[in-house]
Amino acid sequence: MRKLLAYFVVATLLSGCQTADDALTTSSTPVAVTGPAASAIAGDMASRLAEQIGPAGATTTIKMEKDTSEFATALEAALKGWGYTVVTDGKVAKDIKPVELAYAIEGFDGQVLARVSTPSIALGRAYTPTAAGATPASPLSIMQRN
């Protein structure tokens with residue numbers, strides 16, 4: 001657990017040096033999170049992001065890269081469930097300034113580290129995948145940027 005916590009702190013600190021336009025990289029292994037685990041992690045991260053960036057409004061648009069992974073699909077659905085407009089094709093009306101969203105899912109010692117990031121905030125949390133979904137294995141890490 002100490003090893004995971006140390007990794008989590010380092011990964012969170014490193015993500016603070018990035019913007020949503022930068023690729024999220026670490027020394028951990030990208031992992032395919034599927035089914036109930038993808039939905040559980042995406043739902044939790046979307047709700048935590050909503051707590052930080054505020055309620056969805058008529059002009060709140062989130063821009064994500066096009067990705068067909070189960071986690072990306074679940075994250076998009078979870079954000080829409082919170083009332084956000086989600087754009088994955090890059091086409092945004094000229095009068096709308098979208099919130100750029102980057103995300104990463106990585107495996108580490110049998111757990112999954114999920115991160116979502118905007119230009120103003122980065123969130124991260126470790127999860128333990130289970131047959132029924134996933135359970136948080138760490139506190140939520142929140143890094144605000146100016």
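The structure presented is a predicted model; accordingly, all values stated were derived computationally and were not measured. (Residues numbered from 1 in each chain as written. Predicted model: local features only at pLDDT ≥ 70, side-chain atom pairs only at ≥ 80, totals over all residues. Heavy atoms only, no water.)

Visitor: Looking at this model, I keep getting lost on the overall build of the protein. Mind explaining?
Guide: What the protein contains, in helices and strands, is 3 helices and 9 strands. Listing every helix and strand of the protein by position from the N terminus yields α-β-α-β-α-β-β-β-β-β-β-β. The buried share of the protein, taken over its 146 residues, is 47%. The long-range fraction of contacts in the protein, counting pairs at least 24 apart against all pairs at least 6 apart in sequence, stands at 62%. (Helix = DSSP H or I, 4+ residues; strand = E, 2+ residues; numbered from the N terminus. Buried < 20%, exposed > 50% of the residue type's maximum accessible area, 1.4 Å probe, protein only. Contact = heavy atoms within 4.5 Å.)

Visitor: Would you mind showing me how to read the packing of helix α2 (residues 35-53) against helix α3 (residues 70-81) here?
Guide: Two packed helices can be described by the angle between their axes and the distance between those axes. Axis separation between α2 and α3 bottoms out at 8 Å; the angle between their running directions is 40°. Put simply, α2 runs oblique to α3. The crossing of α2 and α3 is right-handed. Packed against α2, whose contacting residues are Gly35, Ala38, Ser39, Ile41, Ala42, Gly43, Ala46 and Leu49, the element α3 presents Glu70, Phe71, Ala74, Leu75, Ala78 and Leu79 at the interface. (Axes fitted to C-alpha atoms, helices over the stretch in contact; angles between N-to-C directions. Parallel < 35°, antiparallel > 145°, perpendicular 65-115°, else oblique. Left-handed = near helix turned anticlockwise from the far one by under 90°.)

Visitor: Which parts of the structure should I look at to understand the confidence of the model for the protein?
Guide: Regions with low pLDDT carry predicted coordinates that are not meant to be interpreted in detail. Taken over all residues, the pLDDT of the protein has a mean of 82, while the share at 70 or more is 77%. Note that residues 1-27 has pLDDT below 50 and, in this model, 49 contacts with residues that lie over four places away or in other chains. (pLDDT = per-residue confidence, 0-100.)

Visitor: Explain the sheet that holds strand β3 (residues 85-87) here, please?
Guide: What holds strands together in a sheet is hydrogen bonding between their backbones, with the strands either parallel or antiparallel. One open sheet holds the 3 strands; their spatial order is β3-β2-β4, and the pairing between them is parallel. Every other strand in the sheet has two partners, leaving β3 and β4 (99-100) as the edge strands with one partner each. In this structure, strand β2 (residues 61-63) lies alongside β4, joined through 2 bridges in parallel fashion. Looking at the pairing, Lys63 lines up with Glu100 of β4. (Pairing = 2+ DSSP bridges.)

Visitor: It is not clear to me how the environment of Ser39 should be interpreted in this structure. Could you clarify?
Guide: Residue position: Ser39 is located in helix α2. The exposure class assigned to Ser39 is partly exposed, which follows from its relative accessible area of 45%. For Ser39 and Leu75, which are 36 residues apart along the polypeptide, the C-alpha to C-alpha distance reads 7.4 Å.

Visitor: Before we go on, may I ask you to explain the packing of aromatic side chains in this structure?
Guide: Any aromatic ring pair is given by two values, namely how distant the centres are and how the planes are angled relative to each other. Applying the stated criterion to the full structure yields 1 aromatic pair. Measuring from centroid to centroid gives 6.0 Å for Phe71 and Tyr103, while their planes differ by 55°, and the two rings are tilted. Here Tyr103 lies in strand β5 (residues 102-108) and Phe71 lies in helix α3, a separation of 32 residues in the sequence. Residue Phe71 is classed as buried on the basis of its relative accessible area of 4%. (Phe/Tyr/Trp six-rings, centres within 6.5 Å; stacked < 30°, edge-to-face > 60°.)

Visitor: Just checking my understanding: could you explain the pattern of salt bridges for this structure?
Guide: Close approach of charged atoms lets side chains of opposite charge pair. Using the criterion set out here, one finds 6 salt bridges in the structure. Between Arg125 and Asp44 there is a salt bridge, and its shortest N-O distance comes to 2.8 Å. One end of the pair, Arg125, is in strand β7 (residues 121-130); the other, Asp44, is in helix α2, with 81 residues separating them in the sequence. Just as Arg125 is buried, Asp44 falls in that class too. Several salt bridges share partner residues, and in doing so they unite Asp44, Arg48, Glu51 and Arg125 into one network. (Salt bridge = Lys/Arg side-chain N within 4 Å of Asp/Glu carboxyl O.)

Visitor: When you look at α2 in this model, what are you seeing that I'm missing?
Guide: Three- or four-residue spacings in an α-helix give side chains the same orientation, since the helix completes a turn every 3.6 residues. A rise of 1.5 Å per residue sets the reference length of α2, with its 19 residues, at 27 Å; its end C-alpha atoms lie 27 Å apart and thus fit the reference within 8%. Taken together, the buried positions of α2 are Ala37, Ala38, Ile41, Ala42, Asp44, Met45, Ala46, Ser47, Leu49 and Ala50. Gly54, located one to two residues past α2, shows a positive phi value of around 95°. (Expected span 1.5 Å × (residues − 1).)

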